[in-house]
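Residue-level listing of the chains:
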Amino acid sequence: SEVGIDTPILDPIDLIPTTAILRAIAKGSLLKFGAKETGEVLARESAEAVDTAQRIVGKDKGILKSGKGIDLTNPNTWPKPPVKGKVTVGNPSRGKPRARGEKSFFDENGGEWRPAKPDKYHDKGHWDYKAPGNNTPWQNIDE
């Protein structure tokens, strides 16, 4: 298959080890220490790289409240919803979001989760949640 302009080749999280090493080299940290100190430098740089990567992919908890950085067509920009277990990406159950190319998360029980950005009715972003089943109402869930 071909890779298009919008096709992600690597998730920023995958770049953490490389980023940590490059940051340490750029600072000259790896050139003047022994093995123990080098390990400590890489651990510190890795922690900073994790923080950076999480901001890039929209995993800070403050983002949902502001809506900043959330693209409803790209779940990689969403934080994880407040549900235990894994979530999978799928097409929304509602027609309008589906027609706009938006996505939803589905939890292990079949519940649907969608980030809702602030709007004229909600001053803070929240999660829209629909439990599995027909005619179950949508609920607003704060983080």
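Cut-offs applied
- Residues numbered from 1 in each chain as written.
- Predicted model: local features only at pLDDT ≥ 70, side-chain atom pairs only at ≥ 80, totals over all residues.
- Heavy atoms only, no water.
- Phe/Tyr/Trp six-rings, centres within 6.5 Å; stacked < 30°, edge-to-face > 60°.
- Helix = DSSP H or I, 4+ residues; strand = E, 2+ residues; numbered from the N terminus.
- Buried < 20%, exposed > 50% of the residue type's maximum accessible area, 1.4 Å probe, protein only.
- Lys NZ or Arg CZ within 6 Å of the ring centre and 35° of its normal.
- Salt bridge = Lys/Arg side-chain N within 4 Å of Asp/Glu carboxyl O.
- pLDDT = per-residue confidence, 0-100.
- Contact = heavy atoms within 4.5 Å.

1. Looking at the packing of aromatic side chains
Right, so step 1: The tally for this structure, following the rule as stated, stands at four aromatic pairs.
Right, so step 2: Arranged with centres 4.9 Å apart and planes meeting at 80°, the rings of W78 and F105 form a pair that is edge-to-face. Note that W78 is positioned in the loop between helix 3 (62-66) and strand 1 (87-90) and F105 in strand 2 (residues 104-107), a separation of 27 residues in sequence. Grouping residues by exposure puts W78 and F105 together as buried.
Right, so step 3: These aromatic residues form a ring-pair network of at least three members: W78, F105, W113, W127 and Y129.
Right, so step 4: One residue, R94, lies across the ring of W138, its end atom 5.2 Å from the ring centre.

2. Comments concerning the pattern of salt bridges
Any two side chains of opposite charge can pair if their charged atoms end up close together.
Right, so step 1: Overall, the coordinates contain two salt bridges when judged by the stated rule.
Right, so step 2: Between R100 and E102 there is a salt bridge whose closest N-O contact spans 2.8 Å.
Right, so step 3: Where salt bridges share partners, they join R100, E102 and R114 into one cluster.

3. Quick look at the confidence of the model for the protein chain
Right, so step 1: With 59% of its residues at a pLDDT of at least 70, the protein chain reaches an overall mean of 77.
Right, so step 2: Confidence drops under pLDDT 50 across residues 1-11; counting only partners more than four residues distant or on other chains, this segment forms three contacts.
Right, so step 3: Per-residue pLDDT stays below 50 along residues 57-62; that stretch engages in 16 contacts with residues further than four places along the chain or on separate chains.

4. Observations regarding the environment of P81
Right, so step 1: Relative to the helices and strands, P81 resides in the loop between helix 3 and strand 1.
Right, so step 2: Classification of P81 as buried rests on a relative accessible area of 3%.
Right, so step 3: In sequence terms P81 and D142 are 61 residues apart; their C-alpha atoms lie 9.5 Å from each other.
Right, so step 4: Excluding anything up to four places from it in sequence, P81 contacts V87, F105, W113 and W127.

5. A few points about the environment of P118
Right, so step 1: On the secondary structure map, P118 appears in the loop between strand 3 (112-116) and strand 4 (126-130).
Right, so step 2: Distance from P118 to S66, taken between C-alpha atoms, is 6.6 Å for residues 52 residues apart in sequence.
Right, so step 3: Ignoring anything within four residues of it in the chain, the contact list for P118 reads L64, K65, S66, G67, D123, K124 and G125.

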